[in-house]
Amino acid sequence: MRHFVQTMSSGKADSSTYQPLPFPFPNKLHVMLLATPNELQENNSLAMYQQLVELNESGQVYIPEGALNAQSVKNMFNKFAESHYAAFHTSLVCGHLKSEVQLFPPPEEIKVIHDLETMTRSIGSEIQICGFLDSADVSSPPSISRHLVVPTPPKAGASENDEEKQEKTEDDTTEAGKTPSFCVLLHGSLKVENMVAVVNLGEDWYGLLCSWADSKKKSNLMLSVFEPGNLAIPWLGKFHLLGPASAFESNPYGDEDSKSPFPVRPPEKRSYGQNPVVWIKPSGLQSDVQKILRYARKLPDKTQVFYKELNRLRQAALSFGMTELLEGLSTMLERECTSLPGTAHPDAALQLTHAAKAIKHAINKRYDHAIQPLSTNFASDS
């Protein structure tokens, strides 16, 4: 251990060898030393373990205060538990209803990185319920942490001796089970109705309360904390735009709750939701060119589809910087025009001549420029 700490601290460790510290996942390394201060000073063990914690970049070293006995060890572990496992108290509020609750494990501060600064966010003294949604609409959203939510038990009053204190605690526990609790009411309602509650944790920071079951018989109220921001769940849209269904002219869920307004479709098209042009292999380019030539032979019946594919290929060629492809396509369209049979529709030759010239002249025009069909007096055969 001492050799490992000295090697790692001095920076002489070989990069090819396995280096366990710091651990490659979020953690805190705590060391509980069961030794007297004199023993630690003789072996210089305290400094060694402090260096070990520093190598992990998080954690702390604990030692018993005073003589090494059962009481000092107990005090050391109590101090450790109070520092890292203390209950987090907050209030759960929904309109005029309120309940004091505890979160386990305690939520930690998170860092939000902006363009010019890094801000620290933490859950405050109040969690405000904004509204309710069907569990099917929310699905399984990404969260940065999850916490068990339990009602805060009533504080026991001061007693004269241990026996009275124990009796008082038992009575308070019994009374707590009979006292109405909004937290218990909320948990039961969410479980029965199969719904979730959207909660506000701070400015532009939201979370979700739901009933989570680890078995068929037992379930708990759980808080899922989202990333700070108004668009933490893309398919729900921006949180500040959500409102009650009664605020809409027509029920967004339908008269018989047969439909859902979610997922919210974004205004822009997703790249993975379109049909992009892929020319990784020569066969892809050849297929697109042959498709245009097939439609060219079926003019004027396929006029709209012909120009749609022509503009699609033009935009792809400009994106890839393949202007020679457009010149070559213009030549091929001219060849198709000269090879039309005598029975071809007169409009076919006109459209091919127009497209051949337009595709060549459109090389230097804007990317979003669209080649339009030539207006003629001919009517396509029915």
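Criteria and cut-off values
- Note on numbering: residues in each chain are counted from 1, in written sequence order.
- Only residues with pLDDT of 70 or above have their local features reported here, since the model is predicted, and side-chain atom pairs are shown and tallied only from 80 upward, although totals for entire chains, interfaces and linings are computed over all residues.
- Side-chain measures were taken over the full set of non-hydrogen atoms in the model, leaving aside hydrogen atoms and water.
- For patch building, the residue pool is restricted to those with more than 30% relative accessible area and no salt bridge; the joining distance is 9 Å between like charges and 5 Å between nonpolar side chains (Val, Leu, Ile, Met, Phe, Trp, Tyr).
- Each accessible area value is a Shrake-Rupley result obtained with a 1.4 Å probe; residue values ignore everything except the protein chains displayed when judging cover.
- When a carboxyl oxygen of Asp or Glu is within 4 Å of a side-chain nitrogen of Lys or Arg, the pair counts as a salt bridge.
- None of His or the chain ends enter the tally, which takes Lys and Arg as positive and Asp and Glu as negative.
- To locate a charge, take NZ of a lysine, CZ of an arginine, CG of an aspartate or CD of a glutamate.
- The secondary structure listing takes helices from DSSP runs of H or I that are at least 4 residues long and strands from runs of E that are at least 2 residues long, numbered from the N terminus.
- With axes taken as lines fitted to C-alpha atoms, and helix axes fitted only over the stretch in contact, angles between N-to-C directions fall between 0 and 180 degrees.
- Throughout, the term roughly parallel applies to angles under 35 degrees, roughly antiparallel to angles over 145, roughly perpendicular to angles from 65 to 115, and oblique to all others.
- Helix crossings are classified by the rotation of the near helix relative to the far one: an anticlockwise turn of less than a right angle makes the crossing left-handed, while a clockwise turn makes it right-handed.
- Residue contacts follow a heavy-atom distance rule, with two residues in contact if any of their heavy atoms lie within 4.5 Å.
- Following the grouping adopted for this structure description, the nonpolar residues are Ala, Val, Leu, Ile, Met, Phe, Trp, Tyr, Cys and Pro, the charged ones are Asp, Glu, Lys and Arg, and the polar ones are all others, Gly among them.
- The definitions used throughout rest on a 1 Å grid laid over the protein atoms alone, on which a cavity is an enclosed set of points accommodating a 1.4 Å probe that cannot get out and a pocket is an open set flanked by protein within 12 Å on both sides along at least five of seven lines; lining residues are those having an atom within 4 Å of a point.
- Grid points are joined across faces, edges and corners, and a volume is the space filled by probe spheres set on the points.
- Per-residue accessibility, obtained with a 1.4 Å probe over protein chains only, is compared with the maximum for each type, and a residue is labelled buried under 20%, exposed over 50%, and partly exposed between these values.
- What makes two strands pair is DSSP finding at least two bridges between them.

So, a negative patch on the surface
Taken together, the side chains of Asp134, Asp255, Glu256 and Asp257 define an acidic patch exposed on the protein surface. Examined against the element boundaries, Asp134 turns out to sit in strand β7 (residues 126-134).

As for the packing of helix α9 (residues 303-320) against helix α11 (residues 346-361)
Remark: α9 packs on α11, axes separated minimally by 12 Å, with the N-to-C direction vectors making an angle of 15°. Between α9 and α11, the crossing angle belongs to the class labelled roughly parallel. As α9 packs across α11, the resulting crossing turns out to be right-handed. Every residue of α11 that contacts α9 at Phe306, Tyr307, Leu310 and Arg314 is listed here: Gln351, Leu352, His354, Ala355 and Ile359. Of the residues that constitute the contact of α9 with α11, the class distribution is 6 nonpolar, 2 polar and 1 charged.

Regarding the layout of surface pockets
Taken as a whole, the largest pocket spans an internal volume of roughly 830 Å³. Around the largest pocket sit 34 residues that line it, and Leu236, Leu242, Gly243, Phe262 and Val264 are the ones nearest its centre. Put simply, the parts of the chain that give the lining of the largest pocket at least two residues each are β7 and β9 (195-202). Here the element with the most residues in the lining of the largest pocket is β7; it accounts for 5 residues.

Quick word on the side chain of Ser224
Mapped onto the elements of the fold, Ser224 is located in strand β11 (residues 219-225). What makes Ser224 buried here is its relative accessible area of 7%. Leave out the neighbours within four places in its chain, and Ser224 touches Ser143, Ser145, Arg146, Gly207 and Leu208.

Focus: the sheet that holds strand β4 (residues 97-104)
With mixed pairing, the 7 strands of this closed barrel are ordered in space as β3-β4-β8-β11-β10-β9-β7. Sheet twist, expressed as the mean angle between neighbouring strand axes with direction ignored, is 40°.

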